[in-house]
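Each chain, written out:
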Number of protein chains: 2
Amino acid sequence: MNSFKALRKEELKQMSDNKKTKIIKKGDVIFKEGERLSGVFCVRNGISKLSKMSDNGRDQIVKLAQKGEVLGQRSVIASETANLSATALEDMEVCFIPKNHIEEPLQTNPVFTNAVLKHMAQDLKYADDIIVNMAQKTVRQRLAEVLMYLEDNFGLDGEGYLYLQLSRADIADVVGTATELLIRTLTKFKKESLVSTSGKRIKIEDKKALYNIVEGL
Amino acid sequence: MNSFKALRKEELKQMSDNKKTKIIKKGDVIFKEGERLSGVFCVRNGISKLSKMSDNGRDQIVKLAQKGEVLGQRSVIASETANLSATALEDMEVCFIPKNHIEEPLQTNPVFTNAVLKHMAQDLKYADDIIVNMAQKTVRQRLAEVLMYLEDNFGLDGEGYLYLQLSRADIADVVGTATELLIRTLTKFKKESLVSTSGKRIKIEDKKALYNIVEGL
DNA sequence: CGATCCGTTGATCAACATCAATTTTTGTGG
DNA sequence: CCACAAAAATTGATGTTGATCAACGGATCG
C-alpha cells in the first residue's frame, strides 16, 4: 500500500527525524485547493475527505483517505498548487513530511519512484471508473455503490453498522447529488429492506440486492 | 509532453530498433478493456478515443489522445489488464513498443521515471476535475466545456470549424448523455447563436458566452 | 439502388434540483 | 443535568432536466 516502504533505511531515518506529527480535529481543514504545499501529509490515524468545489458552489468528494495514505503527493510531484482540499472526517493524527524529503528519493531511489508511480496508476484507474459512474449511473446506483464501498473499505462497528459515520451531506457529496435526494433515496432503500438506520448510523441488510442495483438490474 | 524525451540515446535506439509502426483505420480498435497489453502504443498521427463501457451498456469517453500521447501506459505500469478501450477516430499511425522496453528504463533511468510520474500526476488531476464536472454540472454546461476543449486542443479547420469532426454519438459519449439530448442541447446553442453548424461540422461563434455557461451563469 | 447508419424531432415518463417548512439531534453554557 | 441555540435530518411541493422510445429524412456506401 504505502510507497514509503520502498525507502532505504537512511532515507527513512532522515524523514522521521524531520517529521512533525500533527493532531487534527474532526472538521478541520488540512489543506485547501489552491494552496501551495510545502510537503505531504501521511495519515497515521483517522479518515479524511478529499474534495473540490465546483463552479456552481457545491462540493464534490473525490476520495476518502485513511491510515497509510499520503495526502498532497500529487501536487508536490507535479509542483502545482493543490487541486483538492483535505478535511478531517474524524479526529486525525498526521505527520508532515517536507517536500524535499520526497523529491530527493524520487531522483535517486528508483524503487521508491516506481512504488509511487504504481500507486498513482491505481488512483488514475479508480478515477476513470468514477468518471464513468458519475456520467452514466443514477443516484440510486451510485448510492448503492458508495454504501458497499464504505463497508468494504472502512468496515463495521460492533453492531454491524458502517464504521465510518458520514453526515448525510457528506454522503451526498460523495454520490454527487443534493442532500435531500440522498435522503429520499436512502429512505427508499430502507423501505425495500436493503438498509436500516439508527440515528445517523447505517447498516447494510441486503448486500446482494445492493450489488444488483449497482449493476442496473 | 512526451516522457520519451527523457530517455537516453541508447535506450531510444533500442526502442526504435524494436518499434513496429502500425496503420490503423478510422473506427478500428487499438485495444479493448480487459485485454492484457504486451506493450504501449505511441500515437504518431491521428486521434483516438479512450472509453469504457458502463454496466448499463453505454460507452463513456474518458479521454481523447493525439500525436505524442502514449496509450496503454497505465496498464503496463500497473501490470493490469486495460481499464479502457482505445479506438481510432481518424486514420492513425501508431508505433508499438513492447513492454520490456518500458519497464527496463523505469528501473534504471530515474529521469524517465520522473517524467512518466509527472505526466500521470497531470492525468490524475484532469480526471479529478472531470469527476467534479460529471457529478455537479448539467449537460448544457458540460457540452459548452467540451466544445471549448475541442477548439483549444485540436484547433480549427480552414473555415473556422472545429478540426476534429466527432459524430454526435461520440460527443454525447464525451459529455455523458444520450445522443438525442446532446443534439437538442446543441440545437439550443444554435438558436442562441453560440455555435453554428455545417453538416456535422461545428463552429463556435461566441466563446465568451460558452465560458459563462460553463461557469454556471 | 437498396440497405444501413446518422442526424433530427416529437412525445412521454422518470430522475433530479430547489425552495420551504418542520422535526430531530447535537453542542454548549449555566 | 437542563435549557436553549444551532446544526442536521427529514418531508412536501413544484419545476426543470434528462432518458427513452418511436418515427422519419438524408447521407453514405457497397
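As named in an unreviewed UniProt entry, chain A is Crp/Fnr family transcriptional regulator, taken from Patiriisocius hiemis.

Enquirer: Would you explain the relation of the copies chain A and chain B in this entry?
Expert: To go from the first copy of the chain to the second, apply a rotation about an axis and then a shift along the same axis. Note on the identical chains: chain A maps onto chain B by a rotation of 180° and an axial translation of 0.0 Å, with an RMSD of 0.0 Å. Expressed as an axis order, the relation between the two copies is that of a two-fold axis. Most of the interface of chain A is mirrored in chain B: 100% of its interface residues are interface residues there too.

Enquirer: Even after reading the chapter, I still don't get the pairing of strand E3 (residues 39-45) of chain B, so can you show me in this structure?
Expert: For a regular strand, side-chain orientation follows a simple rule: the groups alternate between the two sheet faces. All names here are of chain B. By the criterion of burial, E3 is predominantly enclosed, with five of the seven residues buried. Looking at chain direction, E3 and strand E8 (residues 92-98) are connected through six bridges and run antiparallel. The residue of E8 that forms the bridge with Phe41 is Phe96. Examined bridge by bridge, E3 and strand E6 (residues 70-71) share two bridges and lie antiparallel to one another. From the neighbouring strand, Cys42 faces E6, where its bridge partner is Val70.

Enquirer: Would you mind going over the interface of chain A and chain B with me for this structure?
Expert: Accessible area lost upon the coming together of the parts serves often as the stated size of an interface. Contact with chain A, which involves 42 residues of that partner, is made by 42 residues of chain B. Between chain A and chain B lies a buried interface of about 4,200 Å² when both sides are counted; carbon and sulfur atoms form 60% of it. Our enumeration of links across chain A and chain B arrives at six salt bridges. Remark: the boundary between chain A and chain B carries 20 residue pairs in polar contact (both at pLDDT 80 or more). Contributions of two or more residues to the side of chain A that touches chain B are made by strand E5 (59-65), helix H2 (73-78), helix H3 (100-108) and helix H4 (110-136) of chain A. By residue number, the principal contributor to the side of chain A that touches chain B is H4(A), which donates 21 residues. Class assignment of the residues belonging to the side of chain A that touches chain B gives a composition of 18 nonpolar, 11 polar and 13 charged.

Enquirer: Whenever I open this one, the protein's contact with DNA strand D confuses me. Can you help?
Expert: Close to DNA strand D lie 15 residues, the nearest being Arg168(A), Arg184(A), Val139(B), Thr177(B) and Leu181(B). Take the atoms of DNA strand D that sit within 4 Å of the protein: sugar and phosphate atoms are 57% of them. With respect to DNA strand D, the side chain of Arg58(B) contributes an N or O atom lying 3.0 Å from a phosphate oxygen. Within the side chain of Glu180(B), a nitrogen or oxygen atom sits 3.1 Å from a base nitrogen of DNA strand D. Broken down by secondary-structure element, the contributors of at least two residues to the surface near DNA strand D are helix H6 (168-175) and helix H7 (179-191) of chain A together with helix H7 (179-191) of chain B. No other element matches H7(A), which puts four residues into the surface near DNA strand D. Split by residue class, the surface near DNA strand D holds five nonpolar, four polar and six charged.

Enquirer: Looking at this model, I keep getting lost on the pattern of salt bridges. Mind explaining?
Expert: It is possible for side chains of opposite charge to pair when their charged atoms get near one another. Using the criterion set out here, one finds 26 salt bridges over all chains in the structure. Here Lys52(A) and Asp129(B) are joined by a salt bridge, their closest N and O atoms 2.6 Å apart. Of this pair, Lys52(A) sits in strand E4 (residues 48-53) while Asp129(B) sits in helix H4 (residues 110-136), which puts the two residues in different chains. For the pair shown, Lys52(A) and Asp129(B) are each scored as buried. For the salt bridge of Arg201(A) with Glu159(A), the shortest nitrogen-to-oxygen distance reads 3.3 Å. Of this pair, Arg201(A) sits in strand E10 (residues 201-204) while Glu159(A) is found in the loop between helix H5 (139-154) and H6, placing the two residues 42 residues apart along the sequence.

Calculation rules
Residues numbered from 1 in each chain as written. Chains lettered and ligands numbered in written order. Predicted model: local features only at pLDDT ≥ 70, side-chain atom pairs only at ≥ 80, totals over all residues. Heavy atoms only, no water. Least-squares fit on C-alpha atoms with pLDDT ≥ 70 in both. Contact = heavy atoms within 4.5 Å. Buried < 20%, exposed > 50% of the residue type's maximum accessible area, 1.4 Å probe, protein only. Helix = DSSP H or I, 4+ residues; strand = E, 2+ residues; numbered from the N terminus. Pairing = 2+ DSSP bridges. Buried area = accessible area lost by both parts, 1.4 Å probe. Salt bridge = Lys/Arg side-chain N within 4 Å of Asp/Glu carboxyl O. Polar contact = N/O pair within 3.5 Å; in protein donor to acceptor, adjacent residues only side chain to side chain. Nonpolar A, V, L, I, M, F, W, Y, C, P; charged D, E, K, R; others polar. Near = heavy atom within 4 Å.

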